[in-house]
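Spelled out from the first residue to the last, the chains are:
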Amino acid sequence: MIIQRCWLLTPRSLSLHTCVCNFSNSLKPNRVDITYREGSTQHKNGFVEVDNVEPEINLSKILHKIQRDVKINPEDDKKNPLTTTYWFERKLKLSEMHKLYLGLSKSRLTTLVVLTAMAGFAFNPVSGTAASLAALTAGTFLCSASANACNQVMEAPFDAQMDRCKQRVMVRHLVSPLHGLTFSATCGVLGTSVLYYCVNPLTAGLGCANIVLYAGLYTTMKRYTIANTWVGSIVGAIPPAMGWAAASNTLDAGALALCALLYFWQFPHFNSLSYNVRQDYCRAGYHMMSVTNSALNATVSLRNTIALIPLCIAMPFTGISHCSFSFYSIPINIYFSYLAWNFYKTPNKQTARELFRFSLVYLPILFGFLGIGYAFKERTSSDEKHHGDKQYIKDLCPVTVLPGNNGVSDKYCPVGTKEKV
């Protein structure tokens, strides 16, 4: 249950004004300051805007539109006759809790983290078990949810000043800060425990490190230095290593290649996004390259996009894909670099938007090519391994070998072996 305090003008002034909410610091008692100005009717995020209101209108009808119980504090009327103070009591419904928890977890971002961890598991030449994959999925989801929930609690007063973040759970005061921190701690403990006991300690250590880096270091650094972007890229590069470690309980060149791929990709992805919302970051007081140095923001995007070209060419040498992947990746990376070059030469909303949109489809395309190359590599390796294996040749033969001279007929066996099978 959450108590919110709202400041409302008297009904007499409602004929000239409209209600607009300004959410305040969520780490303090949950308070919503409401003022009035002329405008149109809207219903959004727990507040109401009213137009064409007569002076004698009953204020309780307006309060009824936001569907909350009203408790009047008569003491405040004596202090200021032009202002009436109301306390709104919000009851959390059990049927809505899963939506709030998904919001605290940043479910779409968490899903991307889980998918990259599963990619690391799949591309490992060592075949892991289905139980390990299921535990990896659950543990990674919980660790990511923990980090994201803690991030939202810590940044709520700053997110309230950003248009792209004002719909978040903590900004809208849908749960209390204590509730959010409790959810974060619970997910963190459960996630690392699942990874430790059901996968292996290495994967659990990487998951715990991700929580500390994101919630502790990255979130704090955003208020002080642009170096937070590099720390955030490290955080995003760890999940593939978690998947790799879950399959083989070790980290080698293949794991590092996948981590490097995610690390370089995040700069053009995030820098192009932050460029179009740099006013929000500036208003919230975040130190981002797009705010403090837009030229460096575009330069770093181009630099890391170009770095993807030699990285993808070299990835087959780590054993995670077929050599054909080197050729498939070149056109995609050249086009990605071209968009980054446009953003570097002409930094504006259009070039930033084009770069950001392609970055969204870049990873699915590249991982698709990696998967095709990996499957082809496995098939080729299997054929070379069983070359000359009589039983393997017999299993491949789709027809019955009819007896001929010496018990074998080359006419009816498409494998064409000269030996008895």
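Please refer to the structure placed before this passage.
Residues numbered from 1 in each chain as written. Predicted model: local features only at pLDDT ≥ 70, side-chain atom pairs only at ≥ 80, totals over all residues. Heavy atoms only, no water.

## Side note on the overall build of the chain
Formally: Each helix corresponds to a stretch of at least 4 residues labelled H or I by DSSP, and each strand to a stretch of at least 2 residues labelled E; elements are numbered beginning at the N terminus. Buried, partly exposed and exposed residues are distinguished by accessible area as a fraction of the type maximum, computed with a 1.4 Å probe on protein chains only: under 20%, between the cut-offs, and over 50%, respectively. The contact criterion used throughout is that any non-hydrogen atoms of two residues lie within 4.5 Å. Computed with a 1.4 Å probe, the accessible areas rest on the Shrake-Rupley method; for each residue, only the protein chains presented here act as cover.
The helix and strand tally for the chain stands at 15 helices and seven strands. Here the chain holds 421 residues, and 46% of them are scored as buried. Considering only contacts within the chain whose residues lie at least 6 apart along the sequence, 68% involve residues at least 24 apart. Just so you have it, the chain exposes about 21400 Å², and 61% of that area is on carbon and sulfur atoms.

## So, the packing of aromatic side chains
Two aromatic rings are characterised by how far apart their centres lie and by the angle between their planes. What counts here: Here a Phe, Tyr or Trp ring, Trp counted by its six-membered ring, pairs with any other such ring whose centre lies within 6.5 Å, and the pair is stacked when the planes are under 30 degrees apart, edge-to-face when over 60, and tilted otherwise. Placement of a charge over a ring requires the Lys NZ or Arg CZ to be within 6 Å of the ring centre, with the centre-to-atom vector within 35 degrees of the ring normal.
Tallied over the entire structure, the rule returns 19 aromatic pairs. Judged by centre distance (5.2 Å) and plane angle (75°), the ring pair of Tyr-263 and Phe-267 falls under edge-to-face. Pair noted here: Tyr-263 and Phe-267 are both in helix 9 (residues 253-276), with a separation of four residues, about one helical turn. The exposure class of Phe-267 is buried, given its relative accessible area of 1%. Put simply, the rings of Tyr-335, Phe-336, Tyr-338, Phe-358 and Tyr-362 pair up and form one aromatic cluster. The ring of Tyr-286 is capped by Lys-222, whose NZ or CZ atom sits 4.6 Å from the centre of that ring. Lying over the aromatic face of Phe-158, Arg-223 brings its terminal NZ or CZ to 3.6 Å of the ring centre.

## Considering the nonpolar core
Here is the rule: As used in this record, nonpolar core signifies buried Ala, Val, Leu, Ile, Met, Phe, Trp, Tyr and Cys residues forming a set joined through side-chain atoms within 4.5 Å.
With 49 residues, the main nonpolar core has Phe-123, Leu-258, Leu-261, Met-315, Tyr-362, Phe-367 and Leu-370 as its most contacted residues. Within the residue set of this core, elements represented by two or more residues are helix 4 (107-122), helix 5 (130-159), helix 7 (201-221), helix 8 (228-248), helix 9, helix 12 (294-314), helix 13 (324-345) and helix 14 (349-385). Top element by residues in this core is helix 14. It accounts for nine residues.

## What about the environment of Thr-203?
Within the element layout of this structure, Thr-203 appears in helix 7. With a relative accessible area of 0%, Thr-203 lands in the buried category. Put simply, Thr-203 and Gly-139 are 64 residues apart on the chain and 9.4 Å apart in space, counted from C-alpha to C-alpha. With residues near it in sequence (within four places) discarded, Thr-203 still touches Leu-136, Leu-195, Met-242, Ala-245 and Ala-246.

## With respect to the packing of helix 7 against helix 8
For clarity, the cut-off: Geometry is summarised by axes, namely lines fitted to C-alpha atoms with helices restricted to the contacting stretch, and by angles between N-to-C directions that run from 0 to 180 degrees. Reported orientations rely on four angle classes, namely roughly parallel under 35 degrees, roughly antiparallel over 145, roughly perpendicular from 65 to 115, and oblique for the rest. In a left-handed crossing the near helix is turned counterclockwise from the far helix by less than a right angle, and in a right-handed crossing that turn is clockwise. The classification used treats Ala, Val, Leu, Ile, Met, Phe, Trp, Tyr, Cys and Pro as nonpolar, Asp, Glu, Lys and Arg as charged, and all other residues, Gly among them, as polar.
With their axes 9 Å apart at the nearest point, helix 7 and helix 8 run at an angle of 170° to one another. As far as their axial angle goes, helix 8 and helix 7 are roughly antiparallel. Relative to helix 8, the crossing made by helix 7 is left-handed. Contacts between helix 7 and helix 8 involve Leu-202, Thr-203, Leu-206, Gly-207, Asn-210, Leu-213, Tyr-214, Leu-217, Tyr-218 and Met-221 from the former and Asn-228, Val-231, Gly-232, Ile-234, Val-235, Ile-238, Pro-239, Ala-241, Met-242, Ala-245 and Ala-246 from the latter. Residue classes in the contact of helix 7 with helix 8 are distributed as 16 nonpolar, five polar and no charged.

## Focus: the environment of Val-300
As for its placement among the helices and strands, Val-300 is situated in helix 12. A relative accessible area of 1% means that Val-300 is categorised as buried. For Val-300 and Ala-340, which are 40 residues apart along the polypeptide, the C-alpha to C-alpha distance reads 9.5 Å. Apart from residues no more than four positions distant in its own chain, Val-300 is found in contact with Trp-230, Phe-267, Asn-271 and Met-289.

## Things to note about the packing of helix 12 against helix 13
Taken N-terminus to C-terminus, the directions of helix 12 and helix 13 make an angle of 170°; their axes are 9 Å apart at the nearest point. Taken together, the axis directions place helix 12 and helix 13 in an arrangement best described as roughly antiparallel. In this structure, helix 12 contributes Asn-297, Ala-298, Thr-299, Ser-301, Leu-302, Thr-305, Ile-306, Leu-308, Ile-309, Cys-312 and Ile-313 to the contact, and helix 13 contributes Phe-325, Ser-326, Ser-329, Ile-330, Asn-333, Phe-336, Ser-337, Ala-340, Trp-341, Phe-343 and Tyr-344. Considered class by class, the residues forming the contact of helix 12 with helix 13 number 14 nonpolar, eight polar and no charged.

## Section: the pattern of salt bridges
The condition that has to hold: The term salt bridge refers to a side-chain nitrogen of Lys or Arg lying within 4 Å of a carboxyl oxygen of Asp or Glu.
Under the definition given, this model contains five salt bridges. Between Glu-155 and Lys-222 there is a salt bridge, and its shortest N-O distance comes to 3.0 Å. Of this pair, Glu-155 sits in helix 5 while Lys-222 sits in the loop between helix 7 and helix 8; the two residues are 67 residues apart in sequence, bridging distant segments of the chain. The same class applies to Glu-155 and to Lys-222, which are both buried. Asp-163 is paired through a salt bridge with Arg-283; the nearest N and O atoms lie 4.0 Å apart.

## Topic: the environment of Ala-147
Tracing the backbone shows Ala-147 in helix 5. Assessed through its relative accessible area of 5%, Ala-147 is described here as buried. In sequence terms Ala-147 and Thr-219 are 72 residues apart; their C-alpha atoms lie 9.7 Å from each other. With near-sequence residues (within four places) excluded, Ala-147 lies in contact with Ile-211, Tyr-214 and Ala-215.

## Notes on helix 3 (residues 97-105)
The condition is simple: Of all possible arcs, the one meant is that of the directions from the helix axis to the C-beta atoms.
Taken residue by residue, helix 3 has Met-97, Leu-100, Leu-104 and Ser-105 as its buried positions. Along the axis of helix 3, the buried positions cluster into a sector of 135°, meaning they face one direction only. Residues of helix 3 that are buried make contact with helix 4, helix 5 and helix 6 (177-198). Just downstream of helix 3 lies Lys-106, where phi reads positive at about 50°.

## Focus: a nonpolar patch on the surface
We apply this condition: Every patch collects residues that have over 30% relative accessible area and no salt bridge, joining them within 9 Å if they carry like charges and within 5 Å if they are nonpolar side chains (Val, Leu, Ile, Met, Phe, Trp, Tyr).
A contiguous nonpolar patch, built from Leu-360, Val-361 and Ile-365 and spanning about 230 Å² of accessible area, is present on the exposed surface. Among the secondary structure elements, Val-361 is positioned in helix 14.

Note that every value here comes from positions in space, so none of it alone points to a role or purpose.
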